[in-house]
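Residue-level structure breakdown
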Amino acid sequence: MNKFVYPAFALLGLIWGTNFIFMKWAAEVITPMQIVLLRVLFGFVPILVLALSRRALRWSHLRYLHHFFVMSLLATTVYYLAFAKGAALLPSGIAGMLSGAIPLFAFLTAFVFLRQEPINRLTVTGLMIGFVGVLLIAQPWNSGSNGVDIRGVLYMVGGSLSLGCSFVYARRFLMDKDLSPLALSTYQIGLALLVLLLTTDFHGIERIAHAPVALSGLVLGLGIIGTGVAFLLYYFLVQHLGALKAAGVTYIPPVVALGIGALLIHEPLQAHDVLALLCIIVGVYVLQVGKSAPRAVPAALT
């Protein structure tokens, strides 16, 4: 095994976990739409350079342009925008914790639309435990006094659902095509950038230039590193570990985000926050175990 696999695994989890504080800082200066535009712009550069150097792009791929466009909406534009809006309304640690529920929504959307995911005792238990964690964060029965904006939670849930739907769409329409993950991501992010350039209101975007901390966090943290380098690391991990093991990196970001929020910027941390995080992590783990469990084979009729 390549000696850089586990350092890359840890680094990717750390990068994804820091995204939420960078979004929070940027949201104090510019709009969520402008955050997403700049994030995608600076994240697209390293991905495009790698795709061109690997000669991963083909003119023949243009026949799938409509599929790339749908993926650009589901897995980039809507997903990033919902998370940016959620991060603007929530403490960064809470937003990061909610991102840990992405595998739950991905499983749920795949089951509803594809009927290919196994429903058994473990997967149902994992979903229930995980969504209890989400409810403990949102506390809809007490949202007026606990400091958690239910709108922010709904934005995070919406972003997770959008990303989950992108997995379903890719599996349904793109998995049988001769497309590398690198090529698909290049088209997806490139089209998202085009849409954002055409739809973003640029009024006030120059304010980010007068906030050096927010600017560096957005350009480096969210863009070049958080989008471009993060994808390259994930691509590297999938090549060396396979998709299932590489997906285990999703356990790290919620812990990192909560730690940054509590230790570095002194966001309030309560016991139910830790319990909620544990529920989400345990729920995702149980879900993954249930997905990999062998399906029962019916006994032959005698």
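Residue indices follow the written sequence of each chain, beginning from 1 at its first position. Totals for whole chains, interfaces and linings use every residue, but because this is a predicted model, local features are given only for residues with pLDDT of at least 70 and side-chain atom pairs only at 80 or more, for both listing and counting. Note that water and hydrogens are dropped before the side-chain values are worked out from all heavy atoms of the structure.

Here a helix means four or more residues in a row that DSSP labels H or I, a strand means two or more in a row labelled E, and each is numbered from the N terminus. A tally of regular secondary structure across the chain gives 12 helices and zero strands. If you list the helices and strands of the chain from N to C, you get α-α-α-α-α-α-α-α-α-α-α-α. Taken along its principal axes, the extent of the C-alpha atoms in the chain is 80 × 55 × 40 Å. Buried means the residue's accessible area, taken with a 1.4 Å probe over protein chains only, is under 20% of the maximum for its type, while exposed means over 50%, and partly exposed covers the values in between. Counting every position in the chain, which comprises 302 residues, the buried fraction comes to 52%. In what follows, residue pairs with any heavy atoms lying within 4.5 Å of each other are defined as contacts. Nonlocal contacts in the chain, meaning residues at least 24 apart in sequence, comprise 86% of its contacts between residues at least 6 apart. Accessible area for the chain stands at about 14800 Å²; split by element, carbon and sulfur atoms hold 70% of it. Per-residue accessibility takes into account occlusion by the displayed protein chains alone, with areas from the Shrake-Rupley method and a 1.4 Å probe.

Nine residue types can take part in a nonpolar core, namely buried Ala, Val, Leu, Ile, Met, Phe, Trp, Tyr and Cys, and a core is a set of them joined through side-chain atoms within 4.5 Å. Judged by nonpolar contacts, the single largest core of 77 residues is most densely connected at Phe68, Leu90, Leu98 and Leu182. For Phe68, the contacting residues outside a window of four places in its chain are His61, Leu174, Leu179, Leu184, Tyr187, Gln188 and Leu191. Counting 12 residues, the second largest nonpolar core, distinct from the first, contains Val5, Leu12, Ile15 and Ala230.

Expected helix span is computed as 1.5 Å times (number of residues minus one). The first and last C-alpha atoms of helix 2 (residues 32-53) sit 32 Å apart over 22 residues, in line with the 32 Å expected at 1.5 Å per residue. At every residue, the bend is computed as the angle between two fitted axes, covering the seven residues ending there and the seven beginning there respectively. If you look at helix 2, its biggest bend is around 30 degrees, right at Phe44, and the proline Pro46 turns up within four residues after that. Of the residues trailing helix 2, Arg55 is marked for its positive phi of about 55 degrees.

Looking now at unusual backbone geometry. Backbone geometry places Arg55, a non-glycine residue, at a positive phi of 55 degrees. Structurally, Arg55 can be placed in the loop between helix 2 and helix 3 (65-89). In this structure Arg55 comes out as exposed when scored by relative accessible area, which is 67%. Non-glycine residue His266 carries a positive phi angle of around 60 degrees. Here His266 is to be found in the loop between helix 11 (252-264) and helix 12 (271-292). Overall, the relative accessible area of 64% leaves His266 in the exposed class.

By the secondary structure assignment, Leu98 is in helix 4 (residues 92-99). Judged by relative accessible area, Leu98 falls into the buried class, the value being 3%. Residues Leu98 and Ala138 lie 40 residues apart in sequence; the distance between their C-alpha atoms is 9.5 Å. If near-sequence neighbours (up to four positions away) are discounted, Leu98 is found in contact with Leu90, Val134, Ile137, Val153, Met156 and Ser160.

Moving on, we get to the environment of Met156. Along the chain, the position of Met156 falls in helix 7 (residues 150-173). A sequence separation of 72 residues divides Met156 from Ala84, and the C-alpha atoms of the two residues are 8.6 Å apart. Sequence-distant contacts of Met156, defined by excluding residues within four places in its chain, comprise Phe20, Ala82, Phe83, Gly86, Ala87, Leu90, Ala95, Leu98 and Ser99.

Together, Trp59, Leu62 and Leu65 line one region of the surface with nonpolar side chains, adding up to about 390 Å² of accessible area. Within the secondary structure, Trp59 sits in the loop between helix 2 and helix 3. Without a salt bridge and with relative accessible area above 30%, a residue can belong to a patch; like charges are then joined within 9 Å and nonpolar side chains (Val, Leu, Ile, Met, Phe, Trp, Tyr) within 5 Å. Think of a salt bridge as a Lys or Arg side-chain nitrogen and an Asp or Glu carboxyl oxygen that are within 4 Å of each other.

Turning our attention to the packing of helix 5 (residues 102-114) against helix 12. Lines fitted to the C-alpha atoms define the axes, with helices restricted to the stretch that makes contact. Angles between their N-to-C directions range from 0 to 180 degrees. Across the interface, helix 5 lies against helix 12 with an axial gap of 9 Å and an inter-helix angle of 40 degrees. It follows that helix 5 is oblique to helix 12 by the angle criterion. Seen from above, helix 5 lies across helix 12 with left-handed handedness. Every residue of helix 12 that contacts helix 5 at Pro103, Leu104 and Phe107 is listed here: Gly283, Val284, Leu287, Gln288 and Lys291. Throughout this description, any angle smaller than 35 degrees is read as roughly parallel, any larger than 145 degrees as roughly antiparallel, any in the 65 to 115 degree range as roughly perpendicular, and the remainder as oblique. With the far helix as reference, a near helix turned anticlockwise by less than a right angle produces a left-handed crossing, and one turned clockwise produces a right-handed crossing.

Attention now goes to the packing of aromatic side chains. Where two aromatic rings form a pair, the distance of their centres and the angle of their planes describe that pair. Pairing of aromatic side chains requires ring centres within 6.5 Å, counting the rings of Phe and Tyr and the six-membered ring of Trp. Pairs whose planes differ by under 30 degrees are stacked, by over 60 edge-to-face, and all others tilted. In the structure shown here, the tally under the stated rule is nine aromatic pairs. Taken together, a centroid distance of 5.2 Å and an interplanar angle of 75 degrees make the contact between Phe105 and Phe131 edge-to-face. With Phe105 in helix 5 and Phe131 in helix 6 (residues 121-138), this residue pair connects regions lying 26 residues apart in the sequence. An aromatic cluster of three or more residues is present, and its members are Phe20, Tyr79, Tyr80 and Phe83. In this analysis the charged atom, NZ for Lys or CZ for Arg, is taken to sit over a ring once it is within 6 Å of the ring centre and within 35 degrees of the ring normal. Between Arg39 and the ring centre of Tyr80, over which it is positioned, the NZ or CZ distance is 3.9 Å.

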